[in-house]
Amino acid sequence: MATPKFVKEHNAKHMIHPMTHQAPLQDKNRPKIVSQGEGVYITDVDGNKMVDGVGGLWNVNVGYNRPEIKQAIMDQLDKIHYSSLFGTMTNEPAIELSHKLAQMAAPEGMKRTFFSSGGSDAIETALRLARVYWKSVGQKDRYKFISLKGGYHGTHFGGASINGNTIYRRNFEPMLPGCFHVQNPYLYRNPYGITDHEELGEVCAKVLEEEILFQGPDTVAAFIAEPVQGAGGLIVPPANYWPRIREICTKYDVLLVSDEVVTGFGRTGTMFGARTWGVKPDMMTFAKGINSGYVPLGATMINEKIEKGLLENEDTFGMIMHGYTYSGHPVACAAAIPNLEIVENEDIPANSAVRGEYFYNKLAPFIDRFKSIGDVRGKGLMLGIEMVADKETKAPQDPAFGQQIAAIAQKEGAMVRASGHKIILSPPLTINNEEIDVIVNALDVAFSELDR
Ligand SMILES: Cc1ncc(COP(=O)(O)O)c(C=O)c1O
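Residues numbered from 1 in each chain as written. Predicted model: local features only at pLDDT ≥ 70, side-chain atom pairs only at ≥ 80, totals over all residues. Heavy atoms only, no water.

## Considering the overall build of the chain
Broken down by element type, the chain carries 15 helices and 16 strands. The globule rule puts the C-alpha radius of gyration for 452 residues at 22 Å, and the 22 Å found for the chain is close to it. For the chain, the residues scored as buried account for 56% of the 452 residues in total. Expressed as a percentage of contacts within the chain between residues at least 6 apart in sequence, the contacts between residues at least 24 apart total 71%. As displayed, the chain offers around 19,600 Å² of accessible surface, 54% of which is attributable to carbon and sulfur atoms. Side-chain charges in the chain split into 45 positive and 53 negative, and the spacing between the mean points of these groups amounts to 4 Å. (Helix = DSSP H or I, 4+ residues; strand = E, 2+ residues; numbered from the N terminus. Rg over C-alpha atoms; globule rule 2.2 N^0.38 Å. Buried < 20%, exposed > 50% of the residue type's maximum accessible area, 1.4 Å probe, protein only. Contact = heavy atoms within 4.5 Å. Areas by Shrake-Rupley, 256 points an atom, 1.4 Å probe, with all protein chains shown as cover. Lys, Arg positive; Asp, Glu negative; His and termini not counted. Charge placed at Lys NZ, Arg CZ, Asp CG, Glu CD.)

## A closer look at the site of the ligand
Around the ligand sit Trp58, Gly118, Gly119, Ser120, Tyr152, His153, Gly154, Glu226, Asp259, Val261, Val262 and Lys288, and those are all the residues in its vicinity. A distance of 2.6 Å is found between an oxygen atom of the ligand and a side-chain nitrogen or oxygen belonging to serine 120. One nitrogen or oxygen atom from the side chain of aspartate 259 is found 2.7 Å from a nitrogen atom belonging to the ligand. Considered on its own, the ligand offers 380 Å² of accessible surface; in the complex 82% of this is hidden by protein. Classifying every residue of the shell around the ligand by side-chain character gives four nonpolar, five polar and three charged. (Near = heavy atom within 4 Å. Polar contact = N/O pair within 3.5 Å; in protein donor to acceptor, adjacent residues only side chain to side chain. Nonpolar A, V, L, I, M, F, W, Y, C, P; charged D, E, K, R; others polar.)

## Some points on the sheet that holds strand 7 (residues 220-225)
With respect to topology, seven strands assemble into an open sheet ordered 4-10-9-8-7-5-6, the strand pairing being mixed. Lying at the two open borders of the sheet, with one neighbouring strand each, are strand 4 (110-116) and strand 6 (179-182). The mean inter-strand angle of the sheet, taken between neighbouring strand axes irrespective of direction, is 20°. With four bridges connecting them, strand 9 (residues 283-286) and strand 10 (residues 298-303) associate as antiparallel partners. Bridging across to strand 10, phenylalanine 286 finds its partner in alanine 299. Its contacts with the sheet place helix 7 (residues 197-215) against strand 5 (144-148), strand 6 and strand 7, and it is angled at close to 150° to strand 6. Against the sheet, helix 10 (residues 304-312) engages strand 4, strand 8 (255-259), strand 9 and strand 10, with an angle of about 85° to strand 10. (Pairing = 2+ DSSP bridges. Axes fitted to C-alpha atoms, helices over the stretch in contact; angles between N-to-C directions.)

## Observations concerning the packing of helix 3 (residues 67-79) against helix 11 (residues 330-345)
Helix packing geometry: the angle between the two helix axes and the distance between the axes. Contact geometry of helix 3 with helix 11 gives a least axis separation of 8 Å together with a crossing angle of 150°. As the angle between them shows, helix 3 and helix 11 are arranged roughly antiparallel. Every pair of crossing elements has a handedness; the one defined by helix 3 and helix 11 is right-handed. Within the contact between the two elements, helix 3 uses Glu68, Ile69, Ala72, Ile73, Gln76 and Leu77 and helix 11 uses Pro330, Val331, Ala334, Ala335, Pro338, Asn339 and Ile342. Here the residues of the contact of helix 3 with helix 11 are counted per class, giving 10 nonpolar, two polar and one charged. (Parallel < 35°, antiparallel > 145°, perpendicular 65-115°, else oblique. Left-handed = near helix turned anticlockwise from the far one by under 90°.)

## Quick look at helix 3
With 13 residues, helix 3 extends 18 Å from end C-alpha to end C-alpha; this agrees with the ideal 18 Å at 1.5 Å per step. Every buried residue of helix 3 is listed here: Ile69, Ala72, Ile73 and Gln76. One face of helix 3 carries all of its buried residues, which in axial projection span an arc of 100°. Those residues of helix 3 that are exposed and angled more than 90 degrees off the buried face are Pro67 and Asp78. Taken together, the buried residues of helix 3 touch helix 4 (92-104) and helix 11. (Expected span 1.5 Å × (residues − 1). Arc of directions from axis to C-beta.)

## Some thoughts on the pairing of strand 10
With respect to burial, strand 10 is a largely interior element, six of its six residues being buried. Residues Gly298, Thr300 and Ile302 point to one face of strand 10 and Ala299, Met301 and Asn303 to the other, with burial holding for every one of them. Alignment of strand 4 against strand 10, held across six bridges, turns out to be antiparallel. Looking at strand 10, one finds that phenylalanine 115 is bridged to alanine 299.

Structure representation (C-alpha cells):
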C-alpha cells in the first residue's frame, strides 16, 4: 500500500494532469490526493474530510460508495468483464441499458443509443452521426456545425472545435473546419447591453437564425448546445431560448443536439436539461450522471428521424464506420442500471431542484456582502459564482484569487472548483441542507478573508 509520502512524490514526478499548467504540480504539497469517498464526502490521503462541492467532476450524482452499484459491477465482473459491440456482437448490460434509456428519454423522443466511454466520445459520436445522417439522406453538403460561445463539449478535436472558449482551443489550433460559434444568452455579460433575460433570449435566438441563413441552411448539419452552459461559467438561458432555437432548427431542418453530459439525469432539477426547457432535441449526449462515474461511460441518443435516415439507406452512406473498443462496455453499462434506478426511485431530479434553490438562496446575498462577487447564478444543483476585480467595470478577478478561495474552502471542509474567475458548484444530487451549509460556510470564511 502506497504511503502519503510516496504518492505525493510520485505524482509530482510522473503524472501529467489534465486542464492545468504542469509547473505548480511539481510542488508535491500542491495536488489534492483524494483516497476515499462516502455519500457526499471525500477524504484525502492526509485524512482531511470534505463535502465534495464539485461532485467528482459534476458526475458523482448519486454519491460515493453506493452498495447497489458496487454489487452490480461485481456481479458483471463475475459473468464477463468485456465484450465488444462491433458489428453484430453485443452484450446483455448494454442492451438492458439502451432499453432503460429509451424509456427514460421517451418524452424527448429518443429511440436508440450509441455507447462510448465519456462525454467527449459522446459528442464526437453526435457530430459523426449528424454527418453520416445527412449523407445518408442525400444532403451531402450539410456538414457544418454551429454552437455557442462559452460552450464546452469536451476535448476531442470535434468537440474542441465546437467549444466556445479560446482557452480550450488556442494551443491545439487549427481546429476542424466548418465549425461556427454564435452568441450565448449570458445576461451578466452580453455585447448588446441587454438587461432583460427574455429579450436577450430572443436576440440570441435571432443571431442563430442569422448565422444559419448566412452559412446557407442547406450546409448546416447541426446546432449543438448545453441546456445550461457548465464549464463556460454556469450560463442559464431564459425560458424562451430553447423553445425558440428548437423552432429555428425545425424551420431550417438543422439537427438540434442537446449536450446533456452535465445536465442529464437530474442536475438542473428535471430528468434532462432539455426537459427543463420543454424541448425535444434530435440527439442527446450523456456521460457523467449516467452511472455517476463508477466506471467510464458515454452515450449518444438519436430520435426517430435520425434512426429512419440511417436504417433506410441501403448504400454505404448508411454505414456507421465509427466506434470504440469500449462502446457498451458491460461493466460500465451494468453500473448504469442501478444508478438510474436510484435516480428514479429517490427522485434525484426533485432533490436537485429543492436543494438547488436552498443553495442559491444562501449564496445570492453574497453579491451584496462581497465586493469581489459580481454574480451568483444556477439551475438545480449547478451553481456558479462570478468573481470580479471591480463591480462597476465587471473586470474579471485574477484566477489566482479563485484558487485561494478554493484553498481556504478546503481547509474549512468543502471542496469547490475554481475555474478562471468563477467558482463552480456541482455537488452530488443526494446532498442535504446541512451538507450545503458546510459549503456555504466555507465560502463565507474564504470570501470574508480575501475580499478586501
Ligand atoms: C457539456 C459537456 N460536454 C462534454 C464534456 C466532455 O466530457 P468528458 O470529460 O467525459 O470527455 C463535458 C465535460 O465536462 C461537458 O461538461
